Amino acid sequence: MRICLVAEGCYPYVVGGVSGWINNMIKSFPEHEFIILAIVSDRENSGQFKYELPENVVEVYEAYLNDYDWGMKPKEGKRTHLNSKQYKALRSIVFNEEPRWYALFDLFQKTNISIDDLLMGADFLHIIQEYYDANYSQIVFSDFLWTMRSIYLPLFLILKTKLPRADIYHCVATGYAGILGSMAKYLYGSGLMISEHGIYTREREEELLKATWVQGAYKNIWIEQFKKMSRLAYERATIVTALYEHAEELQIELGCDKEKIYITPNGIDIDRYASIPGKSPEDEGYINIGAIVRIAPIKDLKTMVRAFAFAKKQVSNLKLWIMGPADEDETYLKELNELIDVLQVEDIVFTGSIDVTKYMGRMDFTILTSISEGQPLTILESYAASKPVIATDVGNCRELIYGSKFDERGASGILCHIMNVEEIAGAMVELALNKEERERMGAAGYSRVVKNFRIEQMRDRYEILYDKVYDDLYEKIGRGDN
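Worth saying up front: this structure is predicted, and the values here are computed from it rather than measured.

Enquirer: Before we move on, could you go through empty space enclosed by the protein and cite the residues and values that matter?
Expert: For the structure on display, the rule yields one cavity of 30 Å³ or more. By volume, the largest cavity is sized at about 40 Å³. Every residue along the wall of the largest cavity is listed here: Thr 80, Leu 82, Ile 113, Asp 117, Leu 118, Gly 121, Ala 122, Asp 123 and Phe 124. If you list the elements that add at least two residues to the lining of the largest cavity, you get α4 (115-120) and α5 (122-135). Among the elements that line the lining of the largest cavity, the one with the most residues is α5, at three residues. Here the residues of the lining of the largest cavity sort into five nonpolar, two polar and two charged.

Following this line, the structure appears as structure tokens:
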């Protein structure tokens, strides 16, 4: 089987999290060939892989959200005009009517249209003018027009991406990845599976509501853009996976058919943590807190640092290890270091990207202060090493720490509200001062991960789902369906 994994902003350019999951998935199915279709911001990031690709990755393709326009330029004084079908399709997307996606797929895949020509041409102008008059006439039109061009540029670039052929497109999100998968299904008759680790639409909405680069009504336009892309992916997919029950509820709320959804928890290789090294001489006298995260705003490391500063006033031998790549957001890293200087807090170590197994055994417990998560692998990794976790109440963290309704193992950590410095600091102090509690919680976490979150279990679930998508695909081919 030939499977195309479609991922936005992660594998193989970013370490950990969803990228780690993708790498594990590929290695779990050596009998299949995998193609990577990676969505990146622009060509400057091309080929900057952080992973050594498994042997069964046969090709890597890239799609760009910001790129040169490779379409045919019109002759001087002339611009391309859309025919009636194409015009109605574009208008349906802008107006959030019943989208005519297939006509847009044909426009961008089967003609040599210039994206620049389209965005600067009369057809796009007329559609945006009509949309503006109906909904946003209180805004300065020139600002509105240029903002709409910036919103539709990445979508048009994605629609123009040349797609590799595969039996199954497995999109590791909806959004732009879902657009590519849906387009491949239309063009090639490929199977389509969507796996959401976080609910893409909700995550983009949270980011936009907090963002300073977009203001007022434009936030709503961007949010609606992501919603319509996700609805397409849900509609076209044969199977949609969710990590846990509440994620399934959100998918249904956003327009996914319940019958398509399969709950498939994450899994990790527990054997990797069987013989990890423990504390080293340099750890003597310290209570080590491990934060295995990439340095990015969504991980809310500023709250973590503030809480650590408060906790350290009560427990002076605390040491915070921030373990993860620091090259994703240099501005945020600078702000984080400035905060540490202002607080005058010591014993915070930035390790950069690491092999988790070389550090996890040295930790007394781990911490995650994210404002958004799915089912964090870092929590499962902590449990595999019998380490308790402090985590914010996002995604599936509550169930990971306290267990499901039928799980009687007890708490394997402490759950806190997001951005609650006092509460998180209190949790740090509680675990630091109570070794017996740490050991009891660590044992509960280990038992939980062994029971429910082994990589062998995840592989078995996805093997069944891949076969289901493949069988459905060839059943439709036999009937002559697309």
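Enquirer: Could you give me a rundown of the state of the cysteines, with the residues and numbers involved?
Expert: Per the stated rule, a full pass over the model turns up zero disulfides. As a non-bridged cysteine, Cys 4 has Cys 171 as the owner of its nearest cysteine sulfur, 7.7 Å distant. The thiol of Cys 10 is unpaired, and the distance to the nearest cysteine sulfur, on Cys 171, comes to 12 Å.

Enquirer: Describe the layout of surface pockets, with residues and values.
Expert: Empty space within the second largest pocket amounts to approximately 430 Å³. Contributing to the lining of the second largest pocket are 19 residues, with Glu 245, Glu 399, Ser 404, Lys 405 and Asn 452 lying nearest its centre. With three residues, the top contributor of residues to the lining of the second largest pocket is helix α16 (residues 435-452).

Enquirer: Can you tell me about the nonpolar core, naming the residues and giving the values?
Expert: Counting 91 residues, the largest nonpolar core has Ile 22, Leu 320, Ile 367, Ile 390 and Met 428 as its most contacted members. The element best represented in this core is helix α15 (residues 421-433), accounting for eight residues. With near-sequence residues (within four places) excluded, Ile 390 lies in contact with Phe 365, Thr 366, Ile 367, Leu 368, Ile 414, Cys 416, Ala 427, Met 428 and Leu 431. Judged by nonpolar contacts, the second largest core, of 78 residues, contains Trp 101, Ala 184, Ile 223 and Ala 233.

Enquirer: Break down the environment of Val 6 for me, with residues and values.
Expert: You can see Val 6 is positioned in strand β1 (residues 2-8). Separated by 165 residues in the primary sequence, Val 6 and Cys 171 place their C-alpha atoms 4.6 Å from one another. In this structure, Val 6 is in contact with Leu 37, Ile 39, Tyr 169, His 170, Cys 171, Val 172, Ala 177 and Leu 180, ignoring residues within four places of it in sequence.

About the thresholds
- Residues numbered from 1 in each chain as written.
- Predicted model: local features only at pLDDT ≥ 70, side-chain atom pairs only at ≥ 80, totals over all residues.
- Heavy atoms only, no water.
- 1 Å grid on protein atoms, 1.4 Å probe; cavity = no way out; pocket = protein on both sides within 12 Å on 5 of 7 lines; lining within 4 Å.
- Points joined across faces, edges and corners; volume = space filled by probe spheres on them.
- Helix = DSSP H or I, 4+ residues; strand = E, 2+ residues; numbered from the N terminus.
- Nonpolar A, V, L, I, M, F, W, Y, C, P; charged D, E, K, R; others polar.
- Disulfide = S-S within 2.5 Å.
- Core = buried A, V, L, I, M, F, W, Y, C linked by side-chain atoms within 4.5 Å.
- Buried < 20%, exposed > 50% of the residue type's maximum accessible area, 1.4 Å probe, protein only.
- Contact = heavy atoms within 4.5 Å.

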